[in-house]
Amino acid sequence: MSDIEWSARPLDQGLILIPHMEEVIEHPLNPITITMIDGRAGFRRGTIRSSSTGSSTGTPTPTHAPTPVTNLFSDSLLGHSSFDGSDPLSQFARQDLDPLSKMAADEWDYSANATSVGKKSKDVSEDLTEPWQARRSAILMKYTTSEKLSIVTSFLPGGEKVVVKVQPSGTMVDKVRTRLEQLDDFEEGSVRQMLDLTQQEYAARIELLNNELVQAWHSDQRVKALKIGIQCAKLLGDTAAIAFYPSKFVLITDILDIFGKLVYERLKMKAEYYKPGSKVVTSLPDNFTPEMIPESAKETCRNWFYKIASIRELVPRLYVEMAIIKSYSFLTTSEFSTALLRITRMIRGIGNPLIAVYARCYLCRVGLALNQPTDLGFVKENFYDFLSTYGQLFSPMLKADLNKQNMQISSYLSLYTPALDWILQVMAASAPDTLLMEVLVRCKQQTNSGLLLNTILSAFKPTYIAGRPMEFVNLITACNEEGFPQYLLYRRLGQCLIQESLSKDDCRPVLSAVWQYIVSLKDPVKFMQCAEIWIHFTVIHFSGTEVNLFLGEIISHLTPNRAFEQHYSQMQSIVERVVANTQDFESLLTMENFLPLIDLFHKESIKVEVCKTVIEGLGSQGGLITDPIVINALMFLARIMHDSVSALTVDDEKRQIGNLICGLIQRVDYGRDFEKQLNFYAEARAAFPNLDSVHVQLVQCVNRLSVDTRKIVRGHHTRRTSAFVRACAAFCFITIPSTTLVHTRLQLYLLSGQVALLNQCLGQADACFKAALSLVPEMPKTIEIDGRQKSSEPYLLSYLSNFLSTLLVVPDSPEHGVLYLMRGLLNAVQRCFETNSSSKSYLYLRVLDLLSTVTQENYPYHVDKVESNDTLYGSDKKFINEVNKICSKVLEEILSHLKYLGSSDQGSKQSALALELFAHLIIRADLKQPALATIAVNLWKLSQKHGSADPKLSARTIEYMRHKGQHGSFDHFPELLSRMAHT
């Protein structure tokens, strides 16, 4: 029969295995016996070894026999006189330490470079494909199992002991074989089998092995680290709990990756060299060449490959060599492509197709990460090798084995998708369209090609798929449902098409063909898998009519037997896709089937999130909302969000819902129909009683509506507009008490009063101002500002100062006394500030400013068409006397506080307040009166008493008085300055 016989070149030249097709008499995998005759080696093949890599699928995985030992070393080593005619491994066996152990004993501590493990320069793969790390997490999440798992290892505590018999060694060749077998055989008495592990426990044990490997390496136990790597790789030859195999592949290859990095970094550290013309030893740069590597480092590198080539079993030997394949760069840069092809062809010896495809996946991954100008032809050959064995996936023997494990063929085929997707994606990333066409043609030749078609749809560029959509639709239609589910293929096709823009001529035929299949699906699971993607395609390329029809079909498929309860996440995804891609939001909300789809969400938390999605999508488009039907639909969604708020709702959730509803309220616009606008605000107030932020927004909107009304009539209100603005003021006055925070109510009362005053609604303005003054004493001592509790006195001082500026233009009511609002404010101040508060005294200074201004014949500012007290009183003497009485009481309060500051040893505060009051008297008071002049002089003396007054303010005050003293009306200032100077 015809078979392949492998010949080898020395490892220092890249260990290139070259296939020769020729007739052979004996099986090429039979072990070779070495016979020494007159110092010359002769070869004889024996029988095939019986050990094999375990497989639960019933497909045997042949175990590779030991590689011919004479092929492991270069001719120069064989001809060396120190071997005395014996084979090299026999010679090594006579030594106290094997080469790897000797290397471990001679090398220095690795801990200094420990931090470099895991760090890597940018891989070529990052430029070509999706990073493996992104796929890794998805694989671990998807491929899980509830079956019990097991691990056989000699490096973890616990578990049951497994008896391993070690045959006594006799001849020198037996000793050599024993030493080689120690690499991948367990030591007697140390093997433990851990049974009945859950998936989480299994992953934890694998992580312990990982830690054990790194710890052994850093402890200079290189052989132990290699053995751990081999034992981990052996686990990939076991397909028990087959559904978990992709995740096991990810966990194990993580360990092998770390092992490969440890070896590479160790060799790099050992390969210090001398720069040309320098006698100083230098670390190897990242872009080194083999010519820079010392011979000792190269020899160490070869020894690593010799050891690995001596591993008996094929699967661990391949995986460990692939893990350290980057270390070939210390020997050569021209043999990577050949080495990758050699390993590709060696993988043909793995009989289990699932194990083989993941080995090919790992080879493609490490080959792509070499950062070498390697030819990616080995990736193509790996994929074509898989195609040549594709028929094994549907063999009767495998189907029988799957039946024993109660696994469907479709579930089994899905195990191949991570590996195949990666292989084909690497190949397609930089391949021309001609190669893609070639791959597609090869895949078409396979029967039951659903798995291959899924891989093509996943790996090929979406632009290639979108260029021939009907061809792929026809291919999917022709696929056998038994091999790979058609609904997954249609889903994958849709994912490709939504990423690219299709011509209008292709869109309708594609949707028509896919639509016929989708509506024929009776299983809600299969239907939703397709609908979730193809609704996206429909929204992008078609009008609202088609979208509405699609939504109706979704409702009809999910309503029977309350199937929608099992598909909330996919329904939510559908709503998100429709909202994100619709161009006409109004037509979406007026669709016959959109709101009924929202009603299918019976789980409140998800329904609220869906409503948030819709309103957020509306907010991203901007513009005013004028359609009453759309407004009603949005109010329906907003009520759903609002009704989810309870006493247990966290503040962030309340804030988010409140902001969304406020944004909606701001955008509703009925144009010039202000009455309908006010009615909408009244309905919103009734619909959202539990959110303070919404009430605040409603008050702001109604005040704005009132101001807009004034703008339209230009301040000349008619009977109708006058009644409307009074209704607006009444709305605000009724709404404000429903808010919780006192300082918010204070601000709204003041704002609403100012707006009412602007619209000449004096009664409504007085009501708002009175309500604000009655609320001032309820102000808490502390308020939250930027997440911290702070004293409310600075806020009150600012608020009441603003209030005082408004009171200047508010006319007195005939039903009340002179400055009745001012008197009410002073009473409120007595109750809201502490007795000896300095803030109260500074507020009194502002009261003095106001009282000084109200006695003027003409106020500095007015409200249009509102007569203030300057017009009502006209500087009447009785009015001025009342003002003077209030001023005297206020001044007494300030002087009393100054006395308190002096008695309590607060000299600096006393000086500052005294100087402020002195400045107010200079500007506001009639200092021609001896009593006031004496008070002013005493205040000046008090401000300078402690030497803590602001010198700049003092100097400016003196300069002001000198400047004013030059005018006739201030001729008393020079005398006052003289009295101040003598003090």
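**Remarks on helix α29 (residues 604-621)**
Right, so step 1: Compared with the 26 Å implied by 1.5 Å per residue over 18 residues, the 26 Å span of α29 between its first and last C-alpha is a close match.
Right, so step 2: Within α29, the full set of buried residues consists of Ile606, Lys607, Val608, Val610, Cys611, Lys612, Thr613, Val614, Ile615, Gly617 and Leu618.
Right, so step 3: Of the surrounding secondary structure, the elements contacted by the buried residues of α29 are α26 (568-581), α27 (585-589), α28 (594-599), α30 (628-643) and α31 (651-667).
Right, so step 4: Following α29 by one or two positions, Gly622 adopts a phi angle in the positive range, close to 70 degrees.

**Re the side chain of Asn869**
Right, so step 1: Looking at the secondary structure, you find Asn869 in helix α40 (residues 869-873).
Right, so step 2: Within polar-contact distance, the side chain of Asn869 engages the backbone nitrogen of Asp812 at 3.0 Å.
Right, so step 3: Those residues in contact with Asn869 that lie beyond four places of it in its chain are Val810, Pro811, Asp812, Leu819, Tyr859 and Gly874.

**Quick look at the packing of aromatic side chains**
Right, so step 1: For the structure on display, the rule yields 36 aromatic pairs.
Right, so step 2: Look at Phe460 and Tyr464: their rings are 5.3 Å apart centre to centre, the planes differ by 75 degrees, and that puts the pair in the edge-to-face class. In this pair, the class of Phe460 matches that of Tyr464, namely buried.
Right, so step 3: A ring pair is formed by Phe733 and Tyr749, whose centres lie 6.1 Å apart and whose planes are at 55 degrees; its orientation type is tilted. In this pair, Phe733 sits in helix α34 (residues 719-735) while Tyr749 sits in helix α35 (residues 742-758), placing the two residues 16 residues apart along the sequence.
Right, so step 4: Judged by its relative accessible area of 33%, Phe733 falls in the partly exposed class.
Right, so step 5: Residue Tyr749 is classed as buried on the basis of its relative accessible area, which comes to 7%.
Right, so step 6: The structure contains a cluster of three or more aromatic residues connected by ring pairs, namely Trp132, Tyr245, Phe249, Tyr319, Tyr358, Tyr362 and Trp422.
Right, so step 7: Over the ring of Tyr384 we find Arg442; its NZ or CZ atom is 4.1 Å from the centre of that ring.
Right, so step 8: The residue whose ring lies beneath Arg468 is Tyr464, and the NZ or CZ to ring-centre distance is 4.0 Å.

**Observations concerning empty space enclosed by the protein**
Right, so step 1: Counting across every chain of the model gives 3 cavities of 30 Å³ or more.
Right, so step 2: The volume enclosed by the second largest cavity comes to roughly 70 Å³.
Right, so step 3: Those elements giving two or more residues to the lining of the second largest cavity turn out to be α38 (820-832) and α39 (838-854).
Right, so step 4: Counting residues per element, the lining of the second largest cavity draws most heavily on α38, which supplies 3 residues.
Right, so step 5: Among the residues making up the lining of the second largest cavity, the classes are represented as 8 nonpolar, 1 polar and 1 charged.

**Observations regarding unusual backbone geometry**
Right, so step 1: Residues other than glycine seldom take positive phi values, yet Asn406 does so here, at roughly 55 degrees.
Right, so step 2: Asn406 sits in the exposed class, given a relative accessible area of 71%.
Right, so step 3: Phi angles above zero are rare outside glycine, and Arg562 is one such case at about 50 degrees.
Right, so step 4: Take Arg562: its relative accessible area is 42%, and that puts it in the partly exposed class.

**Observations concerning the environment of Leu549**
Right, so step 1: Residue position: Leu549 is located in helix α25 (residues 544-558).
Right, so step 2: With a relative accessible area of 52%, Leu549 lands in the exposed category.
Right, so step 3: Between the C-alpha atoms of Leu549 and Asn593, which are 44 residues apart in sequence, the distance is 7.9 Å.

**A short note on the layout of surface pockets**
Right, so step 1: Put simply, the second largest pocket is a space of about 1,100 Å³.
Right, so step 2: In this structure, the second largest pocket is lined by 38 residues; those nearest its centre are Lys142, Thr417, Asp421, Ser458 and Arg492.
Right, so step 3: Counting residues per element, the ones that place at least two in the lining of the second largest pocket are α5 (132-142), α16 (409-414), α17 (417-429), α19 (450-459) and α22 (486-497).
Right, so step 4: Here the lining of the second largest pocket takes 6 residues from α22, the largest share from any one element.
Right, so step 5: Considering only residue class, the lining of the second largest pocket consists of 19 nonpolar, 12 polar and 7 charged.

**Overview of the pattern of salt bridges**
Pairing between side chains of opposite charge can happen when the charged atoms of each approach one another.
Right, so step 1: Across all of its chains, the model carries 29 salt bridges by this definition.
Right, so step 2: For the salt bridge of Glu313 with Lys234, the shortest nitrogen-to-oxygen distance reads 3.9 Å. Taken together, the residues Glu313 in the loop between α10 (295-309) and α11 (314-323) and Lys234 in helix α8 (residues 222-235) connect sequence positions 79 residues apart. Both residues of the pair, Glu313 and Lys234, count as buried.
Right, so step 3: With a shortest N-O distance of 3.3 Å, Arg491 and Glu532 are connected by a salt bridge. With Arg491 in helix α22 and Glu532 in helix α24 (residues 524-541), this pair connects stretches of sequence that are 41 residues apart. Of the two residues, Arg491 and Glu532, both sit in the buried class.
Right, so step 4: Residues joined by salt bridges that share partners form a network here, namely Arg345, Arg348, Arg360, Glu381 and Asp385.

**Some words on the pairing of strand β13 (residues 788-791)**
Right, so step 1: Note that strand β12 (residues 782-785) and β13 share 4 bridges and pair antiparallel. Following the sheet pairing, Ile783 is matched in β13 by Lys790.
Right, so step 2: Joining the antiparallel neighbours β12 and β13 is a turn of 2 residues, in which Asp786 adopts a positive phi near 55 degrees.

**So, the environment of Pro628**
Right, so step 1: Relative to the assigned elements, Pro628 resides in helix α30.
Right, so step 2: Assessed through its relative accessible area of 45%, Pro628 is described here as partly exposed.

**What to know about the nonpolar core**
Right, so step 1: Formed by 303 residues in total, the largest nonpolar core has its most connected members in Tyr319, Tyr412, Trp534 and Phe594.
Right, so step 2: When sequence neighbours within four positions are dropped, the list of residues in contact with Tyr319 reads Ala233, Leu236, Tyr245, Phe249, Thr253, Leu256, Ile355, Tyr358, Ala359 and Tyr362.

**A few points about α22**
Right, so step 1: Relative to the 16 Å expected for 12 residues at 1.5 Å per residue, α22 spans 17 Å between its end C-alpha atoms, a close match to the ideal helical length.
Right, so step 2: Buried residues dominate α22, accounting for 9 of its 12 residues.
Right, so step 3: For α22, the full list of buried residues reads Gln486, Tyr487, Leu489, Tyr490, Arg491, Leu493, Gly494, Cys496 and Leu497.
Right, so step 4: Looking at the buried side of α22, the elements it contacts are α19, α20 (462-466), α21 (469-478), α23 (504-520) and α24.

**Concerning the confidence of the model for the chain**
Right, so step 1: Put simply, the chain has an average pLDDT of 81, and 81% of its residues get 70 or more.
Right, so step 2: Here residues 1-127 is a poorly scored stretch, pLDDT under 50, and it has 240 contacts once near neighbours within four places are set aside; other chains count.
Right, so step 3: Here residues 162-170 scores under 50 on pLDDT; set against residues more than four positions off or in separate chains, the count is 11 contacts.

**Overview of the packing of α38 against helix α41 (residues 877-903)**
Each pair of packed helices gets described by two things: the angle between the helix axes and the distance between those axes.
Right, so step 1: Look at α38 against α41: their axes get within 12 Å of each other, and the N-to-C directions meet at 15 degrees. What the angle tells us is that α38 and α41 run roughly parallel. Regarding α38 and α41, the two cross each other, and that crossing is left-handed. Between α38 and α41, the residues in contact are Arg823, Leu826 and Gln830 and Glu882, Ile886, Val890 and Glu893, respectively.
Right, so step 2: Within the contact of α38 with α41, the residues separate by chemical class into 3 nonpolar, 1 polar and 3 charged.

Calculation criteria
- Residues numbered from 1 in each chain as written.
- Predicted model: local features only at pLDDT ≥ 70, side-chain atom pairs only at ≥ 80, totals over all residues.
- Heavy atoms only, no water.
- Helix = DSSP H or I, 4+ residues; strand = E, 2+ residues; numbered from the N terminus.
- Expected span 1.5 Å × (residues − 1).
- Buried < 20%, exposed > 50% of the residue type's maximum accessible area, 1.4 Å probe, protein only.
- Contact = heavy atoms within 4.5 Å.
- Polar contact = N/O pair within 3.5 Å; in protein donor to acceptor, adjacent residues only side chain to side chain.
- Phe/Tyr/Trp six-rings, centres within 6.5 Å; stacked < 30°, edge-to-face > 60°.
- Lys NZ or Arg CZ within 6 Å of the ring centre and 35° of its normal.
- 1 Å grid on protein atoms, 1.4 Å probe; cavity = no way out; pocket = protein on both sides within 12 Å on 5 of 7 lines; lining within 4 Å.
- Points joined across faces, edges and corners; volume = space filled by probe spheres on them.
- Nonpolar A, V, L, I, M, F, W, Y, C, P; charged D, E, K, R; others polar.
- Salt bridge = Lys/Arg side-chain N within 4 Å of Asp/Glu carboxyl O.
- Pairing = 2+ DSSP bridges.
- Core = buried A, V, L, I, M, F, W, Y, C linked by side-chain atoms within 4.5 Å.
- pLDDT = per-residue confidence, 0-100.
- Axes fitted to C-alpha atoms, helices over the stretch in contact; angles between N-to-C directions.
- Parallel < 35°, antiparallel > 145°, perpendicular 65-115°, else oblique.
- Left-handed = near helix turned anticlockwise from the far one by under 90°.

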